[in-house]
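Understanding the architecture of this molecule
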Amino acid sequence: MPVKHEFKVGDHVKWNSEAGRVCGTIKKKVTSAIKFKTYTVRATAEEPQYLIKSDKTDHMAMHKGAALKKLGRSGHASPKRLAHQKKK
């Protein structure tokens, strides 16, 4: 059974891009075919895509849910994780 990747507007997510990992906020859930930049996004209600605004560059991107991972509230590393990283 495939994993369902459901997100909502306002969720903070990350994804891999050509430039590395990117974090951003979902601005819109797309459930039908639309034109985005120079291509057609073939989203459906069963397989939506998400319009996301990058945190660092304000760049807008469109991705399928399978490409996204939801982050915690802040999207930053937890204090416990940061302490572990400093020990290395």
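Residues numbered from 1 in each chain as written. Predicted model: local features only at pLDDT ≥ 70, side-chain atom pairs only at ≥ 80, totals over all residues. Heavy atoms only, no water.

Section: the side chain of serine 54
By secondary structure assignment, the location of serine 54 is in strand S5 (residues 49-54). Relative accessible area serves as the criterion here: at 6%, serine 54 is assigned to the buried category. Polar side-chain contacts of serine 54 include one of 3.4 Å to the backbone nitrogen of lysine 56. Contact partners of serine 54, with chain neighbours within four places excluded, come to Val22, Cys23, Gly24 and His59. (Helix = DSSP H or I, 4+ residues; strand = E, 2+ residues; numbered from the N terminus. Buried < 20%, exposed > 50% of the residue type's maximum accessible area, 1.4 Å probe, protein only. Polar contact = N/O pair within 3.5 Å; in protein donor to acceptor, adjacent residues only side chain to side chain. Contact = heavy atoms within 4.5 Å.)

Re the confidence of the model for the chain
On average, residues of the chain score 82 in pLDDT, and 77% of them are at 70 or above. Per-element averaging of pLDDT across the chain places helix H1 (residues 79-87) at the bottom with 44 and S5 at the top with 96. Between residues 75-88, whose pLDDT stays under 50, and residues either more than four places distant or in other chains, the model counts 2 contacts. (pLDDT = per-residue confidence, 0-100.)

Observations concerning the pairing of strand S1 (residues 12-17)
Of the pairings in the sheet, the one linking S1 to strand S2 (residues 20-30) comprises 6 bridges and is antiparallel in character. From the neighbouring strand, asparagine 16 faces S2, where its bridge partner is arginine 21. Here S1 folds back onto S2, and the loop between the two strands holds 2 residues. Sheet topology note: the S1/strand S7 (residues 69-70) ladder contains 2 bridges and is antiparallel. Paired with lysine 14 across the strands is lysine 69, a residue of S7. (Pairing = 2+ DSSP bridges.)

Topic: the packing of aromatic side chains
On inspection of all chains with the given rule, the structure shows 2 aromatic pairs. On the numbers, 5.5 Å between centres and 90° between planes, the contact of phenylalanine 7 with tyrosine 50 is edge-to-face. Of the two residues, phenylalanine 7 sits in the segment before S1 while tyrosine 50 sits in strand S5, which places them 43 residues apart along the sequence. Each member of the pair phenylalanine 7 and tyrosine 50 is classed as buried. The interplanar angle of 80° and the centroid separation of 5.8 Å between the aromatic rings of phenylalanine 36 and tyrosine 39 together place this pair among those described as edge-to-face. Judged by relative accessible area, which is 12%, phenylalanine 36 ranks as buried. For tyrosine 39, a relative accessible area of 37% gives the class partly exposed. (Phe/Tyr/Trp six-rings, centres within 6.5 Å; stacked < 30°, edge-to-face > 60°.)

What about unusual backbone geometry?
Unlike most non-glycine residues, lysine 37 shows phi in positive territory, near 55°. Topologically, lysine 37 is positioned in the loop between strand S3 (34-36) and strand S4 (39-41). Even without being a glycine, aspartate 58 presents a positive backbone phi close to 65°. Using a relative accessible area of 49% as the deciding quantity, one classes aspartate 58 as partly exposed.

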